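Structural overview for review
These are the residues of each chain, in order.
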Amino acid sequence: MLRFILTRVSLVVPTFIGITLLAFFLVRLVPGDPIETMAGERGIDPARHAQLLKEYGLDQPLFVQYGRYIERVVQGDLGKSIVTRDSVLSEFGQLFPATIELALCAILIALIIGLPAGIIAAVKRNSIFDHGVMGISLTGYSMPIFWWGLLLILLFSVQLGITPVSGRIAVQYFIEPVTGFLTIDSLLAGDIDAFWSALSHLVLPAIVLGTVPLAVIARMTRSAMLEVLGEDYIRTARAKGMAPLRVVALHALRNALIPVVTVIGLQVGTLFTGAILTETIFSWPGVGKWLIEAISRRDYPVLQGGTLLLGMVVMSVNLLVDLAYGLINPRIRHAR
Amino acid sequence: MSRSTRPLALALGLGALLLPAIASAQALVVCSEASPDFLNPQFSSQNTAYDVAAQIYERLTATERGGSQIIPSLAESWTISDDALSYTFKLRKGVKWHASKSFTPTREFNADDVLFSFNRMLDANHPYNRVGSGNYQFFGEIVKPSLKAVEKVDDYTVRLVLTKPNAPLLSALSVEPMSILSAEYAAAMSKAGTPEQIDFAPIGTGPFSLLSYQKDAVIRFKAVPDHWTKAAGDRDRMALVNDLIFVITPDAAVRFAKVRSGECQIARYPNPGDLAAMKTEPTINLLQGSIADQSFLAFNQQKKPFGDRRVREALAYATNIPAIIEAVYQGTGKPTASAVPPSLWSHDPDLKPRAYDPEKAKALLKEAGYPEGFETTLWAIPVVRAYMPNGRRAAELIQADWARIGVKATIQTFEWGEYLKRGRAGEHEVGMFGYTWDYPDPSQILLTGWTCEGVATGANRARWCNKEASDALAKASTITDQAERSKLYKRFQEIFHEDVAGLLFANAQAFTPVRKEVKDYKIHFFGGQPFVGVSLGK
Amino acid sequence: MSAETLQVPATPAGAPPHPAREFWTYFSANRGAVAGLIVIGLVLFCALFAPLIAPHDPNLTNNAVFLKPPFWQEGGSLSYPLGTDAIGRDILSRLLYGARLSLVIGIAVVAIAIVVGIVLGLIAGFFKGIADIAIMRLMDILMTMPSLLLAIVIVAILGPGLMNAMLAVAIVVLPHYVRITRAAVIAESSKDYVVAAQVSGARTARLMFSEILPNCAAPLIVQATLGVSTAILDAAALGFLGLGAQPPTPEWGTMLADAREFVLRAWWVVTFPGLAILITVLAFNLLGDGLRDALDPKLKR
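Rules of the game
- Residues numbered from 1 in each chain as written.
- Chains lettered and ligands numbered in written order.
- Predicted model: local features only at pLDDT ≥ 70, side-chain atom pairs only at ≥ 80, totals over all residues.
- Helix = DSSP H or I, 4+ residues; strand = E, 2+ residues; numbered from the N terminus.
- Rg over C-alpha atoms; globule rule 2.2 N^0.38 Å.
- Buried ≥ 20, exposed ≤ 12 C-beta atoms within 10 Å, placed from the backbone.
- Contact = placed C-beta atoms within 7 Å.
- Pairing = 2+ DSSP bridges.
- Axes fitted to C-alpha atoms, helices over the stretch in contact; angles between N-to-C directions.
- Nonpolar A, V, L, I, M, F, W, Y, C, P; charged D, E, K, R; others polar.
- Parallel < 35°, antiparallel > 145°, perpendicular 65-115°, else oblique.
- Left-handed = near helix turned anticlockwise from the far one by under 90°.
- Core = buried A, V, L, I, M, F, W, Y, C linked by C-beta atoms within 7 Å.
- Expected span 1.5 Å × (residues − 1).
- Arc of directions from axis to C-beta.
- Right-handed = clockwise from strand over helix to strand, strands pointing away.
- pLDDT = per-residue confidence, 0-100.

What about the overall build of chain B?
Secondary structure summary: chain B contains 19 helices and 20 strands in total. Here the C-alpha radius of gyration of chain B, 24 Å, is about what a compact globule of 538 residues would show, namely 24 Å. For chain B, the spread of C-alpha atoms along the principal axes amounts to about 75 × 55 × 40 Å. The buried share of chain B, reckoned over its 538 residues, is 59%.

Here you go:
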C-alpha cells in the first residue's frame, strides 16, 4: 500500500518539472512585446525600452531566465505582473476563489441533476425518460458553451430580465472576504441582500459551466448503474424479495458511485477549460479571464505563473483521485 | 479583494471595510471599460488611468469641462515672457492634500510639490526617477524636449524655463500625466522604506480621494469635504455627490444592460450597435459629441507601389467610406478630409473627401501602370479604439471594395504591442492607425505623426515626408499667435489631402448613455473625464 | 491519470460469421446513431456542393443590406433566407461554406492526432522502458494543462489562423490517442497470438503494424469519431476568442465572435452559427456512441 502511494507521489516530481518547462518556454515563445503594449500608440523611446527589458530581466538568454525563474519558484516567488506590478501569487490568490466558487457550483448543479437523472434512466432502462435523459445529456455534451452562455444571457438577462448580465455581485455591496466565496462571505456578514445578489450573479455562469459535467455525470451514472444492476448479488437481493428502491439505494448506487466519483475528479481539467470561456462571457473575475487577458497583454509572469499554478491544481486533484481510487479498488493498486 | 488590495484599503484607512453597503442615493456609479494601467498618471498614456487621475489629482492648468478652453487650476494665473521661454505660475493657496492611514499631511500644497512632480520626471538623478515604471511617456514626448528647468521663485510661485518655444505648453500642462503629487508624502514613504507606495496608494489634491481599488472590478472614490472649490463656490468644479464608484465592465453590451437596469448611472464607451436602442430607452439620455481623433489608413510610401500618389488616390476612390461608417461606426461618424478634427481650432471645413468611385480608381491605377491591380497586405487594428471601433470589420469591407478594382488585399493583424512595434518599424504595406488628442492643440498629433523627422523614428506611420507640410508644422509650434498658427495648420491640411498622405476614415462621435436622474454630465474630450459638477436628482 | 484503467480494450468479437453484417445489425438498431449518420451526410453534402446551393458568395458584402433579419421576420427577404451579418453578407451562404471548414478541421485534427498518437502509443506500449516513461510523462504534462489554455498559447506562438488553430487542437487532443493505443497494445501484446508470432520470429515493426494495430482499431475508431466533435468544438472556441480562422473566412466560431456585439439587436447572427456547431457536433457524438455500442462487445449482452 505504502509502495503504491510512494510510486504515485514520486511521479509528480517529473511532471512538475515538465510543467515549469512547458509553462516557461511555451509562454516565452509567444511573440510580442509587453513594454510596447503598455506604451500604446505613441510608443516609447528605444533607450527606455532597453532599460525596462533589463529591469524585467527579459534581456538575458532564455535558459538563464529559466534558471532564475526556477530558483524563485522554488522559494515560492512567481514574480510580478508586468502590467499591474502586483505579485502573481497574490493576484492568483485573489481570483482563484472566484473560479473555485463557480466551479463548485457548476459541479453541484451537475451532481444534483445528473446523478438522479442517470439513476432513474438506468432503472427505467429504454423508457421514454431514459431516452429523453440520454438525448438531452448528449446535446449538453455537444454544446459549444460560449454560444450556450450567449443564448442564456439573451433569454434570461435581456428578454426576461431575471438575472444580471455579468459580474459577481451588484456594485453597492462590499463584502469583506473571509473564505473568498461571496455567497458564503455575504452570509457570514449577515447581509441577506448581498447574498441574493451574489447568488443571482452565480446562477447563469454555473449552469453554463455545469452543462458538460452534467451530461458526463448523467451518462456515466447510467452506464455504471446498468452494469451494477446486472451483477449477481443485485439479482439475488431482488430474488430475495428486497424492495426495489432499497436494492437501488443500498447496493447498486454505492457500487456505481466509484467510477462516477473518478470521472468527476478527471473533469477538473475540462472544468478549467470551460471556466476560461465562461468567465470571458460573463466577465467573471476569475483566473480564466485573468489568463486570457494576460495573453493579450503579453504579461509573461502572469501567464507563466498562472499556467504553473493551474497545472499544479489539476495535478494534485488527479493525484488525489488516483490515490483514492487505488484505496477503494485494490486491483488498480497492483496493476503496475 | 484580498491580499494586494487590502493594504491599500487599510492604508487609506477610510470606511471601505466598515461600510457593508454604500447608500446609493448619493453614490454616482459609472460603468467604466477597463482597469487603469497605473494609478500614478505620470506613467500612463491610457484613458483608463487618466479617468482615475482626473478625480484624484489636479494639474497647474485645466481644460474647461466639456470644452477646449484652458483655465486655471492649481496655478491661479501665469505670465509668459516675450521670447516665450519663461512661464511664471502663481500657485493657489489653501489647497489641501488628502489624508490616509499611512500619511497625514502637515502642510498645504505649495511650490515644493510642483518641483517634486516635475523633477521626478525631468531629472534622471532624482531619487524618485527610477521608482515605478520610470516611463514618463507623455512628459518625455511633449514637455521634456523644450524644458530646461523648473525654478521655485517663492513658496507660491514657480517658473518653467524652456530651451525653445513650445506653443502648446499650457494645454499640455492640463493633461493627467502632468498631475501634481505631494512632495511631503514622497519624503514620508521614502523614509518608511516604501517609496513605491506613492504610486500605489495615491494622495492628491483633487475633488475626490481614492477609497479602494479592486483590479478589474471596482474603484471607489469619496468626495473631499474641504476641497478648495467648495470655498470658492465653484459648482462646476466641485464634487456634488458623496461617493463616486467606477464599476469596471469590459463588455460594452453589459455596460448598456447595467445602465438600463440602473446598476450604473453612466456607461462609458457604448457599443455603436446599441445606440438605436439607447435612444428609445425612456430612462436614459444619450449624450453626444465629436471626439478629437484621427483615424486613417497609412499607405507605407517607402514600399512599392504606394510611393505613387496615383495609386494612393486610386485606393482612396476605391474605398467606400460611407459604407464603413455605416457598418463599423454604426452610422455615427462623419467622413472627413481634414487631418484636424472639427472639435479643434484650425480645422478646415472646406476640404471634401473623395467620393466612392471605382471607375475613377481603375483609371488611376491604369495610369500608374497597374491595370490589373496588385496584391498587398492590409493591417487591421486588433483592439477596440475610440477612433476605430472594429478594425477587423473595417478591413473586411475595404478588402471587398478593393477586390472590385483588382487589388487583392490580405488582412493581417498582430497582438497590439507587436502591431505598434512593427508599424513603427515600417513593416506594413497598408495599415490602420489612429490617435486621439489629449489636449486642445492641433500640434500634438500632427507633430507626432506627420513630420519628416517622424519617418526616421517611425512615428510617421505612412512614412510620408513632404517638406512644405513638415516645415509648416515645425514653424507653427514656435509661435504663440493662434491666428498665425491656424493658417499654417490649414495649409498643412490642404497638402495632406492633395497628396493623399493617408486615407482618413471618419471623425468618430462619442456617445454616453446617462440615466435621466443624472444632472449636468458633460462629455469631456481631452484627457480624463471629470465627475465634478455632476449631481443626482429625482 | 487513471484514464487508461477505465479504457476497456476491445476483445475480438468472437462471432466468426460476417463481422461486418453483425456490426451493421447492432449499429442500425441504434436510431440515434443512424440519425447522426444522416445529419453528417447532409453536412457533407452542404460542404461538397456549397457553391451550387449557396445563394450568394460567402464573402460578398452588400452595403445595402447590413443586418437584415431572416425571411420570416419583418424586413427580411427570401434572397437572404437567414438574414445578413454586420457587413451585408448572406448568413446562409456563410454557414454552408463554413460546413466545409468545420469538416476539414474535424477530420484534419483527428488525422494528425491519430497518426502521431498511434506511433507514439505503439512505441510506448511495445518497447516499454525509457521510451514509455518519457512519452507518457510528456502526455501527462500536456493533460495537466487546461486544454484550451494550451491551445491558446500554441496559437499565440504560431500566430492566429486556421492551420495553426488545427495544429494547436491536434496537439491538445494528442494524449488521448497515445493513451488508448498504448493501453490496447499492452493488452494485446500479452495475448497468445502475439506471443506465438514473436516466437515464430516475426519482425518487430511487422508485429506492431500487422498484428497488434488492427486489433486496437475498434477503440481508436470510436475515439476518432468522438474526436471529430471535440476538434470542431475546440476550433470553434479558438475562433470565438479571435484566434482561429481569420477574416473573411466563414468559420462558425469566428462568425460567432463577430456577432457577439449584436446579442441585443440581431439575434440571428448569434443564433445560427452556434446552432450549426451544435447540430454537427451532436451528429458526430451520436455516431460515435453508436459505433462504440456496436463495436464494444461488453454492451452487446
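So that's the structure; there's more coming.
As for the overall build of chain A
The helix and strand inventory of chain A stands at 16 helices and zero strands. The dimensions of chain A, computed from C-alpha atoms along their principal axes, are 85 × 55 × 40 Å. Counting over 336 residues, chain A shows a buried share of 48%. A separation threshold of at least 6 residues defines the contact pool for chain A, and within that pool the share at least 24 residues apart is 72%.

Quick look at unusual backbone geometry
Outside of glycine, negative phi angles account for most residues, and trans bonds account for most peptide bonds. Cis geometry is adopted by the peptide bond preceding P305 of chain B, which originates at K304 of chain B and carries an omega value of -5 degrees. Mapped onto the elements, P305 of chain B comes out in the loop between β13 (293-299) and α11 (309-318). A positive phi angle, near 65 degrees, is found at N126 of chain A, a position not held by glycine. Tracing the backbone through its elements, the reader meets N126 of chain A in the loop between α6 (88-123) and α7 (128-141). For N126 of chain A, a count of 8 C-beta atoms within 10 Å puts it in the exposed group. Its identity as a non-glycine residue notwithstanding, L67 of chain C has a phi of 55 degrees, on the positive side. Considering the arrangement of structural elements, one finds L67 of chain C in the loop between α4 (50-53) and α5 (91-127).

A short note on the environment of D82 of chain B
Residue and element names in this part refer to chain B. Structurally, D82 can be placed in the loop between β4 (75-80) and β5 (86-91). What makes D82 exposed here is the crowd of 7 C-beta atoms within 10 Å. Sequence separation between D82 and T480 is 398 residues, and the spatial gap between their C-alpha atoms is 9.9 Å.

Describing the sheet that holds strand β6 (residues 147-154) of chain B
Across a sheet, paired strands are connected by hydrogen bonds in the backbone, their directions being either parallel or antiparallel. Residues and elements named next belong to chain B. Taken in spatial order, the four strands make up an open sheet running β4-β5-β7-β6, and their pairing is antiparallel. The outermost strands of the open sheet, each flanked by one partner alone, are β4 and β6. Across this sheet, the average inter-strand angle for adjacent strands is 20 degrees, counted without regard to direction. In this sheet, β5 lies alongside β4 in antiparallel orientation, the contact comprising five bridges. Bridged to W78 within β5 is F89.

Thoughts on the interface of chain C and chain A
Often, the extent of an interface is quoted as the loss of accessible area upon association of its parts. Every contact between the two is made by 37 residues of chain C and, on the other side, 41 residues of chain A. Looking at the side of chain C that touches chain A, the elements that each hand over two or more residues are α1 (3-6), α6 (129-144), α7 (147-158), α11 (217-240) and α13 (267-295) of chain C. Considering each element in turn, the side of chain C that touches chain A owes the most residues, nine residues, to α13 of chain C. Of the residues assigned to the side of chain C that touches chain A, the class counts are 27 nonpolar, seven polar and three charged.

Quick word on the packing of helix α2 (residues 19-29) of chain C against α13 of chain C
All names here are of chain C. Packing of α2 against α13 brings their axes to within 9 Å, and their N-to-C directions diverge by 135 degrees. Classified by the angle between their axes, α2 and α13 sit oblique to one another. The element α2 and its partner α13 pack so that their crossing is right-handed. Between α2 and α13, the residues in contact are F23, Y26 and F27 and G290, D293, A294 and L295, respectively.

What to know about the sheet that holds strand β14 (residues 375-379) of chain B
All names here are of chain B. Pairing is mixed across the open sheet formed by five strands, whose spatial order is β15-β14-β16-β13-β17. Two strands close off the open sheet at either side, each with one partner strand: β15 (408-412) and β17 (503-504). Across the face of the sheet, helix α14 (residues 391-403) comes into contact with β14, β15 and β16 (430-436) while running at roughly 170 degrees to β15.

Quick look at the nonpolar core
Among the nonpolar cores identified, the biggest contains 352 residues, and L102 of chain A together with A151, I152, A165 and V169 of chain C are the most heavily contacted of them. Among the elements that make up this core, the one with the highest residue count is helix α10 (residues 192-229) of chain A (19 residues). Discounting residues that sit within four places of it in the chain, V169 of chain C has contacts with V109, A151, A231, D234 and A235 of chain C.

What about helix α12 (residues 252-259) of chain C?
For α12 of chain C, a buried count of eight out of eight residues is recorded, marking the element as mostly surrounded by other parts of the structure. Buried positions along α12 of chain C lie against α8 (145-159) of chain A together with α5, α11 and α13 of chain C.

A closer look at the environment of L210 of chain B
All names here are of chain B. Structurally, L210 is set in strand β8 (residues 208-214). A residue is classified by how many C-beta atoms lie within 10 Å of it, and L210, with 25 of them, is buried. Taking the C-alpha atoms as reference points, L210 and P305, separated by 95 residues in sequence, lie 54 Å from one another.

Overview of helix α19 (residues 482-498) of chain B
All names here are of chain B. For α19, spanning 17 residues, the distance from its first C-alpha to its last is 24 Å, which sits close to the expected 24 Å at 1.5 Å a residue. For α19, the complete set of buried residues consists of R485, Y489, F492, Q493, F496 and H497. All buried residues of α19 lie within an arc of 130 degrees about the axis, which places them on one face of the element. Across α19 from its buried face, at more than 90 degrees, point the exposed residues A483 and E484. Residues of α19 that are buried in the fold lie against α16 (443-449) and α18 (467-476). Just downstream of α19, V500 is the residue with a positive phi angle, here 45 degrees.

Focus: the pairing of β14 of chain B
Residues and elements named next belong to chain B. Relative to β15, β14 is paired through five bridges, and the arrangement is parallel. Opposite L378, over in β15, you have I411 as the bridge partner. Crossover handedness for the path β14 to α14 to β15: right-handed. As defined by bridge partners, β14 adjoins β16 across two bridges and the pair is classed as parallel.

So, the confidence of the model for chain A
In this model, chain A carries a mean pLDDT of 83, and residues with pLDDT of at least 70 account for 94%. Per-residue pLDDT, averaged within each element of chain A, yields its smallest value for helix α16 (residues 330-333) of chain A (55) and its largest for α7 of chain A (93).

Overview of the environment of V88 of chain A
Residue and element names in this part refer to chain A. Within the element layout of this structure, V88 appears in helix α6. For the pair V88 and G306, spaced 218 residues apart in sequence, the C-alpha separation works out to 7.6 Å. Setting aside chain neighbours within four positions, we find V88 in contact with L78, G79, K80, S81, P301, V302 and G305.

Description of the packing of α5 of chain C against α13 of chain C
Residues and elements named next belong to chain C. The geometry of α5 relative to α13 is characterised by a closest axis approach of 11 Å and an angle of 30 degrees between their N-to-C directions. The pairing of α5 with α13 is recorded here as roughly parallel in orientation. In this structure, α5 crosses over α13, and the sense of that crossing is right-handed. Taken together, the residues of α13 that come into contact with α5 (itself represented by I91, L95, G98 and S102) are W268, V269, F272, P273, A276 and T280.

Some points on the pairing of β6 of chain B
Consecutive side chains of a regular strand alternate in pointing toward one face of the sheet and then the other. All names here are of chain B. Pairing of β6 with strand β7 (residues 157-162), which is carried by six bridges, proceeds in the antiparallel orientation. Opposite E151, over in β7, you have R159 as the bridge partner. In textbook terms, the turn of a hairpin is the stretch between consecutive antiparallel strands, and for β6 and β7 this stretch comprises two residues.

Let's talk about the confidence of the model for chain B
All names here are of chain B. Across chain B, the average pLDDT comes to 88, with 95% of residues at 70 or higher. Throughout residues 1-25 the model reports pLDDT below 50, and contacts reaching past four residues in sequence, or to other chains, amount to 57 contacts. Per the prediction output, this complex has pTM 0.81; the corresponding ipTM is 0.85.

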